Amino acid sequence: MLNSLRVEYGLKVFKEHQLAFIFVVFLMLCETAVSLSVPFFAGKYSAYFIAENHGISNNHTLILLLWFALFGVHALLRFLSTYNVSLIGARLMAELSSRLYDHIQVLPMQYFKENKRGDVLSMLSNDLAVISFFASSVLTNLVPNVLVLVGASILMFNIEPSIAILICIFVPLIFIVLKIVSRGMQPISRALVQTQADSLALASENIGAISLIKAFNKESSESIRFKRKTSELLELRSQQLKLQALLSPLVQFLASTGILVVVVASFIRFQNGSISIPDMVSLMLYGLVFTRPLGSLASLYGQTQQVIGASERLLKFYHLESEPNHSHKIDAKIQSGDVRFENVSFSYRNRAEVLKEVNFHLPDKQTLLLYGENGGGKTTLLHLLMRFNEPTSGRILLDGIDIAQASNSSVRSAIGLVSQDVLLCNGTIADNITYGVVNPSSEKMREACKASGADRFIQHLPHGYNTQVGEGGVLLSGGQKQRISLARALLLEPKILLLDEPTSMLDDFSRQSFKEEFSGLFSRYSVILISHDPTLSDVADKVYKLELGRLIAEN
Ligand SMILES: Nc1ncnc2c1ncn2[C@@H]1O[C@H](COP(=O)(O)OP(=O)(O)OP(=O)(O)O)[C@@H](O)[C@H]1O
């Protein structure tokens, strides 16, 4: 299955770069022709030398000049082909990484919850680099070397078939050796790719949890954990390097034995009178030309084992199913914040049911307060509305439209989500508030910030709206982040506001004044409010409790 996927993908890439590939192969053909003409001219030159044994004539000079020119042409062709091939490799790397990035964007949320961030990062860095380096190496080494091998065999066959047949016997022998060595290499390369990903995942997890590590004095045990991974990596790499280093000399040894055979056989043939001195010179040089590609083909074969591991991971990733698709679904025009859950049940993969036949109706511009014990499924319910997950059964309707029939973007743009763990991007406060809005006006941004209570503290920051928030918003307090997150949601002018524990990060005063401060919001939008604060029931038109997955009406 993976092999056919690899071929299918390889063909797709080839089609997209058809012209560049054809140009490079043409350059390589010319280069091979020039390489192979050297022994041919050497033969011709020695023939002149034997025929005109009275010093250097004009003919000699002409042939020498021609030969010199050929070296120049060869160098130029090498430059052109190497440059173009490397360019194809670099383009391939850029393209594959953007495709991978695009694919990351459409994967379902659950993928990111179940997988390590480092795994994805390692695909974007290590795996792609291995593949694009290999693609360039294949073109630079495989194509010209095979061409040289075939060309040299044909030309040798032309001069003396028996010697060409003799040397060809060495080729299968060499490939048997390659096969045996590479058999040991495959599991090592696979393990290496995975261990690389694991160590990157470990590093990224460590950096993300650095405050936890410091708070619990775990610095040294974390270092030991990483060192253990690094030594595992080193062990695998040294095994791989040993086998890889073994390949080239082994093949060179067999190839050199081949040259010896050519030399001896050529002498015997010359002594028999079957071939002339120029033929003997050409044959020996062809023998030399023949061995060079075998060495680089051997190391290329070693690289393929690494690529197999990397491409397997990438292809599996590319074939992960994206979010239930939306592009073919209707762009629903959601005009009101009317929300209806009809017999909605949901369970995470291999987990017990979190929501059981949930039913409720929230008319437009009303507020619903949802409370219940930790882990009761409140956030899950909001995520179903956002289509981060799909219900296992039942329907969710917005403005009377079944959201399963609408495009994700139309559903999500009708909803403003302020989640429990506020996520901010690295940039300025203004960048974060206007995230997701096309051509935002600064007046509207200020209005949204005033409504969310963010404007007050932003004015007091050294650079106001241009203050940097740091990665994930680390330079701001939890409450400040929550207010910015609310401003960001309001700027989108949604129909429905989802507030997950909006008062959890607020100070006592702000919490007490929350109802008054945000009373305007509750009359402008449909609001689903998750909170453990029972006093918020005053602002709610409906209060529900989630208990053991069931929704119980409180008023
Ligand atoms: N991505 C996930 N994969 C598997 N199980 C999950 C996932 N997210 C949450 N859960 C589980 O689903 C249940 C409901 O979680 P949820 O976050 O919806 O609870 P909650 O009511 O919002 O809790 P809290 O009040 O603590 O915020 C929990 O038992 C939790 O362990």
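Figured I'd write up the structure that's included with this text. Owing to the predicted nature of the structure, the values given are computational and were not obtained by experimental measurement.

**Structural notes on the pattern of salt bridges**
Alright, step 1. What the rule picks out here adds up to 17 salt bridges.
Alright, step 2. When the shortest N-O distance is used, the salt bridge between Glu232 and Lys229 registers 3.7 Å. Residue Glu232 and its partner Lys229 are located together in helix α9 (residues 219-272), separated by three residues, close to a single helical turn.
Alright, step 3. On the basis of relative accessibility, which here comes to 39%, the residue Glu232 falls in the partly exposed class.
Alright, step 4. Arg446 serves as the salt-bridge partner of Asp455, at 2.9 Å between the closest nitrogen and oxygen.
Alright, step 5. Looking at Arg446, the relative accessible area reads 33%, which means it is partly exposed.
Alright, step 6. Several salt bridges share partner residues, and in doing so they unite Asp119, Asp127 and Arg313 into one network.

**Here's the deal with the sheet that holds strand β5 (residues 401-402)**
Alright, step 1. Reading across the sheet, the four strands line up as β2-β1-β4-β5 and stay open at both edges, with antiparallel pairing between neighbours. Here the strands that pair on one side only, and so sit at the sheet edges, are β2 (353-362) and β5.
Alright, step 2. Looking at chain direction, strand β1 (residues 339-347) and strand β4 (residues 393-398) are connected through five bridges and run antiparallel. Pairing of Glu342 across the sheet is with Arg395, part of β4.

**Description of the side chain of Lys229**
Alright, step 1. Owing to a relative accessible area of 18%, Lys229 belongs among the buried residues under this scheme.
Alright, step 2. Ignoring anything within four residues of it in the chain, the contact list for Lys229 reads Thr195, Asp198, Ser199 and Leu202.

**Here's the deal with the site of the ligand**
Alright, step 1. The environment of the ligand is made up of 15 residues, and the closest members are Gly375, Gly377, Lys378, Thr379 and Thr380.
Alright, step 2. Within the contact set of the ligand, an oxygen atom lies 2.8 Å away from a backbone nitrogen or oxygen of Gly375.
Alright, step 3. Here His532 contributes a side-chain N or O atom positioned 3.4 Å from an oxygen atom of the ligand.
Alright, step 4. For the ligand, the accessible surface in isolation is 640 Å², of which the surrounding protein chains cover 72%.
Alright, step 5. Of all the secondary-structure elements, those providing two or more residues to the shell around the ligand are α4 (109-114) and α11 (378-385).

Rules of the game
- Note that residues are indexed from 1 along each chain, following the sequence as it is written.
- At least 70 in pLDDT is required for a residue's local features to be given in this predicted model, at least 80 for side-chain atom pairs to be given and counted, and no such filter applies to totals for whole chains, interfaces and linings, which use all residues.
- The basis for the side-chain values is all heavy atoms of the structure; hydrogens and waters are excluded.
- Salt bridge, as used here, is a side-chain nitrogen of Lys or Arg placed within 4 Å of a carboxyl oxygen of Asp or Glu.
- The numbering of helices and of strands both runs from the N terminus, where a helix is a DSSP run of H or I of at least 4 residues and a strand a run of E of at least 2.
- Partly exposed residues are those whose accessible area sits between 20% and 50% of the maximum for their type, while under 20% is buried and over 50% is exposed, using a 1.4 Å probe and protein chains only.
- A pair of strands is treated as paired once DSSP finds two or more bridges between them.
- Residue contacts follow a heavy-atom distance rule, with two residues in contact if any of their heavy atoms lie within 4.5 Å.
- For this description, a residue counts as near a given molecule or strand if any of its non-hydrogen atoms is within 4 Å of it.
- In the analysis that follows, any N or O atom pair within 3.5 Å is treated as a polar contact, provided that within protein one partner can donate a hydrogen and the other can accept it, and provided that, for residues neighboring in sequence, both atoms belong to side chains.
- In this description, accessible areas are obtained by the Shrake-Rupley approach with a 1.4 Å probe, and a residue is regarded as covered only by the protein chains that are shown.

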